[in-house]
Amino acid sequence: MQPTNISDPGFFHKVVDCQYACPAHTPVPEYIRLIAAGRYSDAYMLNWQSNVFPGILGRVCDRPCEPACRRGRVEEQPVAICRLKRVAADYKDDISGRLPQVPAQKNGKRIALIGGGPASLTVARDLAPLGYDITLIDDGKAGGGMMRTQIPKFRLPDSVLDEECGYIEQLGISLRYGERVNSLKALLEENYDAVFVGTGAPRGRDLDIPGRQEAAANVHLGIDWLSSISFGHVTGIGKRVIVLGGGNTAMDCCRSARRLGGEDVKVVVRSGFEEMKASPWEKKDAMHEDIPILNFLVPKEFTHEDGRLTGVIFEKVKAEYDAKGRRNLVPAGEPDVHIPCDDVLVAVGQENTFPWIERDIGIEFDKWGMPVVDETTHRSTHERVFFGGDSAFGPKNIIWAVAHGHEAAISIDLLCTGQDISLRPAPHVTLASQKMGIHEWSYGNEISDDRRFAVPHADKAIVLSNIKAEVELGFDPALALAEAERCLNCDVQTVFSDNLCIECDACNDICPVDCISFVDNGEEEELRTRLNAPAQNLTQDLYISGALKTSRIMVKDEDVCLHCGLCAERCPTGAWDMQRFLFNTAKAGASCCKS
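The numbers attached to residues start from 1 for each chain and follow its sequence in the written order. A pLDDT threshold of at least 70 governs which residues receive local features in this predicted model, and a stricter bar of 80 or more applies before side-chain atom pairs are shown or counted, although totals over entire chains, interfaces and linings include all residues. With hydrogens and water excluded, all non-hydrogen atoms of the structure serve as input to the side-chain values.

Draft legend 1. Fine view of the overall build of the chain. Helix and strand labels come from DSSP, where a helix needs a run of H or I of at least four residues and a strand needs a run of E of at least two; each type is numbered from the N terminus. Along the chain, the regular secondary structure elements total 21 helices and 24 strands. C-alpha atoms define the radius of gyration, and 2.2 Å times the number of residues to the power 0.38 defines the globule rule. Relative to the globule expectation of 25 Å for 595 residues, the C-alpha radius of gyration of the chain, 26 Å, shows essentially globular dimensions. For the C-alpha atoms alone, the extent of the chain along its principal axes is close to 90 × 65 × 50 Å. A 1.4 Å probe rolled over the protein chains alone gives each residue an accessible area, and that area as a share of the maximum for its type sets the label: buried under 20%, exposed over 50%, partly exposed in between. A burial count over the chain gives 54% of its 595 residues as buried. Intrachain contacts of the chain at a sequence separation of at least 6 include 71% that bridge at least 24 residues. Values of accessible area rely on a 1.4 Å probe in the Shrake-Rupley scheme; residue burial ignores everything except the protein chains shown. On the chain, roughly 25,700 Å² of surface is accessible, and the fraction owed to carbon and sulfur atoms is 49%. Asp and Glu count as negative and Lys and Arg as positive, but His and the ends of the chain are not part of the count. One atom stands in for each charge, and that atom is NZ of Lys, CZ of Arg, CG of Asp or CD of Glu. Mean positive and mean negative side-chain charge positions of the chain (65 and 86 charges, respectively) differ by 2 Å. Contact between two residues is taken to exist if any of their heavy atoms lie within 4.5 Å; hydrogens are not considered.

Shown next, in the form of structure tokens:
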């Protein structure tokens, strides 16, 4: 194998698993260290640069960073990365003076943003400080899009939305709330230099089974029902409620139903419990509120009497797997199950709908009715029209919408400055030694066995009686410090200088996870089997040195390294050094990289 090129930003970025897994590439270990130091405002602003909504995402993010967390490889639970983000938001000072200053003179370019959700707001946040004239159009009364209308207030209070949307709205943006765009063609004729579409996936999927029309008065589409609660149009529901679906929307529906009068609320899912799309913590919270989840039941018919819903008939199914491991749900051969109910909430998925986009303006759509969008630039087949968030590639989550917004903003800026939008600006990277003395480091590197600290919750009786009462109370500073100390500082990299190595094997001997080996070189597949501990995770690279004096090479398995620094402390020649790696993705306005 060839020596590892550590000057390639991608190598060490991949080692910082939490940041690499985050679609917006938030520098997670860096902001956790700031929280541990009590520098909450600094931690907040570091988050704000990348994920834009620290207080919102600190409550409702889908947390792709946490399954990737290195702590989860040595203990059962990863670091509570998401809830630490909320700590920065909860305990920060007034940061209004640290927000970007908007130029008094605009740059002459006009940008229209359709939809007021996270993707559009991210584009506005990135482009407004560059002098662009931004117009944001949304049919809602306030910003936030489906963050405001689909996420219950007991998970995300309006005050948090108002604050973080407000930081962006105050950047000199023209806000046209309460206005619906009925024609993209007409909007383009207003001579905008670019149009960004961030309208989400606003249509809930329905179930076309017998009885649907007859029982229509008591069968509700989940996302529409949640919106009606948000707008104050719905204040109650029947005592017996069935929620159909296994995603996070279904969890929001069932928990909302409990607060609006549902005494017997059940979630019924066609798949198994483990295969449900809902996040594990969402399922846990629902069950904590006395909501059972019934699996392997497929709805067949809505039963009704005199125009009134009486229940749902389900077919019992089981999972079978073919030779390639693909799952099929087949009848279990057991009698159908009838579950009585007063109301049904259908939360079986969301779809995009673009009736306001004319099909003769140069935007191509695929066979599923989705716009054809470049996954890197986010440009459609129309030169001036860009898409992001759920409207671009279908339903995902808030952090993905933010990532799309950043990339679309780069493209719009390149387009408006006459550059090639396919040439993406390079990330900003630093790599600096953390050495303070021979065996002292400027960061905490002790390995502890602390289990994950639980986030305090409000009393169940209180939150079930008030649909706006926030359930999670968040960490206080003491708990935040304890949880932050569980972070293994994966961004402090072990950097090896082969010219200093005397092959004493001291680092090999002291490594607590046997991730360092001194071996003869070879092909990767074979080499992985000859290390002190076989490197079985092929998705994480090996760190390969140049040839040493004995012609052996140093190989480190980046997958299991704990970044404890013991190798660097033990090394008598300083061949190992602990160097902090900071990776920040480029934003609009950065100099374009050259191919």
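After presenting the structure, the write-up continues.
Draft legend 2. Quick look at the sheet that holds strand β8 (residues 264–268). Strand pairing is assigned whenever DSSP identifies at least 2 bridges connecting the two strands. Sheet architecture is open: 5 strands sit in the order β6-β14-β7-β8-β9, paired in parallel fashion. If you trace the sheet from one side to the other, it starts and ends with β6 (219–221) and β9 (293–294), each paired once. Strand direction decides the pairing type here: β8 and β9, joined by 2 bridges, are parallel. Each residue of the ladder has a partner; that of Val267, found in β9, is Ile293. Angles run from 0 to 180 degrees between N-to-C directions of axes, and those axes are lines fitted to C-alpha atoms, restricted for helices to the stretch in contact. In the packing of helix α13 (residues 248–259) onto the sheet, the strands contacted are β7 (240–244), β8, β9 and β14 (343–346), and the crossing angle to β8 comes to about 170 degrees.

Draft legend 3. Representation of helix α3 (residues 28–36) in the model. Burial of α3 is extensive: 7 of the 9 residues sit out of reach of the surface. Burial in α3 covers these residues: Val28, Pro29, Glu30, Tyr31, Ile32, Leu34 and Ile35. Check the buried side of α3 and you find it contacts α2 (17–21), α4 (40–50), α7 (81–91), α18 (477–484) and β24 (576–584). Looking one or two places after α3, you find Gly38, whose phi comes out positive at around 75 degrees.

Draft legend 4. Region of interest: the packing of aromatic side chains. For Phe, Tyr and Trp, where Trp contributes only its six-membered ring, two rings pair if their centres lie within 6.5 Å, and the inter-plane angle classes them as stacked under 30 degrees, edge-to-face over 60, or tilted in between. This model, assessed by the stated rule, comprises 11 aromatic pairs. Ring centres of Phe496 and Trp576 lie 4.7 Å apart, and the angle between their planes is 50 degrees; on these two criteria the pair is classed as tilted. In this pair, Phe496 is assigned in strand β20 (residues 492–496) and Trp576 in strand β24, connecting sequence segments 80 residues apart. Under the relative-accessibility criterion, Phe496 is labelled buried at 8%. Lysine and arginine charges are scored as sitting over a ring when NZ or CZ, respectively, is within 6 Å of the ring centre and within 35 degrees of the ring normal. In this structure, Arg63 packs its charged tip against the face of Trp281, placed 3.8 Å from the ring centre. Above the face of the Trp400 ring, Lys396 is positioned so that its terminal group lies 4.1 Å from the ring centre.

Draft legend 5. Representation of the nonpolar core. Among the nonpolar cores identified, the biggest contains 56 residues, and Ile32, Ile35, Ile81, Leu84, Phe496 and Trp576 are the most heavily contacted of them. Of all the elements, α4 adds the most residues to this core, at 6 residues. In this structure Phe496 touches Cys501, Phe518, Tyr543, Ser545, Leu548, Met554, Ala575 and Trp576, once residues within four positions along its chain are discounted. Throughout this description, the term nonpolar core refers to a set of buried Ala, Val, Leu, Ile, Met, Phe, Trp, Tyr and Cys residues connected via side-chain atoms within 4.5 Å. Core analysis: the second largest hydrophobic core is formed by 45 residues, Ala119, Cys165, Leu171 and Ala401 among them.

Draft legend 6. Expanded view of the sheet that holds β20. The strand order β17-β24-β20 describes an open sheet built from 3 strands, whose pairing is antiparallel. The outermost strands of the open sheet, each flanked by one partner alone, are β17 (428–433) and β20. Taking the axes of each pair of neighbouring strands and ignoring which way they run, one obtains an average angle of 35 degrees across the sheet. Bridge count between β20 and β24: 5 bridges; the pairing is antiparallel. The residue bridging Phe496 from the neighbouring strand is Trp576, located in β24.

Draft legend 7. Structural context of the packing of α3 against α7. In the contact formed by α3 and α7, the axes pass within 10 Å of each other and the chain directions differ by 50 degrees. Taken together, the axis directions place α3 and α7 in an arrangement best described as oblique. As α3 packs across α7, the resulting crossing turns out to be left-handed. Counting all contacts with α3, which are made through Val28, Tyr31, Ile32 and Ile35, the residues of α7 involved are Ile81, Leu84, Lys85, Val87 and Ala88. By residue class, the composition of the contact of α3 with α7 is 8 nonpolar, no polar and 1 charged. Oblique is the label for every angle not falling under 35 degrees (roughly parallel), over 145 degrees (roughly antiparallel), or within 65 to 115 degrees (roughly perpendicular). In this scheme the handedness of a crossing depends on how the near helix is turned from the far one: anticlockwise by less than a right angle means left-handed, clockwise means right-handed. Put simply, Ala, Val, Leu, Ile, Met, Phe, Trp, Tyr, Cys and Pro go in the nonpolar bin, Asp, Glu, Lys and Arg in the charged bin, and everything else, Gly too, in the polar bin.

Draft legend 8. Quick look at the packing of α7 against α18. For the pair α7 and α18, interaxial distance at closest approach is 10 Å and the crossing angle is 145 degrees. Taken as a pair, α7 and α18 cross one another with a handedness that is left-handed. Two secondary-structure elements touch here, α7 through Leu84, Val87 and Tyr91 and α18 through Pro477, Ala480, Glu483 and Ala484. Partitioning the contact of α7 with α18 into residue classes produces 6 nonpolar, no polar and 1 charged.

Draft legend 9. Spotlight on the side chain of His406. Within the element layout of this structure, His406 appears in helix α16 (residues 398–416). In this structure the side chain of His406 is engaged in a polar contact, spanning 2.6 Å, whose partner is the backbone oxygen of Ser50. In contact with His406, other than residues within four places in its own chain, are Gln49, Ser50, Val52, Thr122, Arg125, Asp126 and Lys587. Any pair of N or O atoms that falls within 3.5 Å is considered a polar contact. Within protein, one atom must be able to donate a hydrogen and the other to accept it, and sequence-neighbouring residues count only if both atoms are side-chain atoms.

Draft legend 10. Inspection of the environment of Ile56 at higher detail. Positionally, Ile56 belongs in helix α5 (residues 54–60). Its relative accessible area of 0% is what places Ile56 among the buried residues. Spatially, the C-alpha atoms of Ile56 and Gln150 are 13 Å apart, while their sequence positions differ by 94 residues. Discounting residues that sit within four places of it in the chain, Ile56 has contacts with Cys61, Met147, Leu156, Val160, Leu161, Glu164 and Ile398.

Draft legend 11. Summary view of the pattern of salt bridges. The salt bridge criterion pairs a side-chain nitrogen of Lys or Arg with a carboxyl oxygen of Asp or Glu, the two atoms within 4 Å. Tallied over the entire structure, the rule returns 51 salt bridges. Across the pair Asp360 and Lys185 runs a salt bridge whose closest N-O atoms are separated by 3.2 Å. Taken together, the residues Asp360 in the loop between β15 (350–351) and β16 (385–387) and Lys185 in helix α11 (residues 184–188) connect sequence positions 175 residues apart. As a salt-bridge pair, Arg326 and Asp322 come within 2.9 Å of each other at their nearest N and O atoms. One connected set of salt bridges, linked through shared partners, spans Arg155, Asp252, Arg255, Arg259, Glu282, Asp285 and Glu289.

Draft legend 12. Representation of α18 within the structure. Listing the buried residues of α18 in full gives Ala480, Ala482, Glu483 and Ala484. Where α18 is buried, its residues contact α3 and α7.

Draft legend 13. View of the environment of Tyr177. The residue Tyr177 is located in strand β3 (residues 174–177) in this model. A sequence separation of 296 residues divides Tyr177 from Leu473, and the C-alpha atoms of the two residues are 31 Å apart. With sequence-adjacent residues up to four places away left out, Tyr177 is seen in contact with Leu136, Asp138, Gly140, Lys141, Ala142, Gly143 and Glu169. One polar contact links Tyr177 to Glu169, side chain to side chain, over a distance of 2.5 Å.

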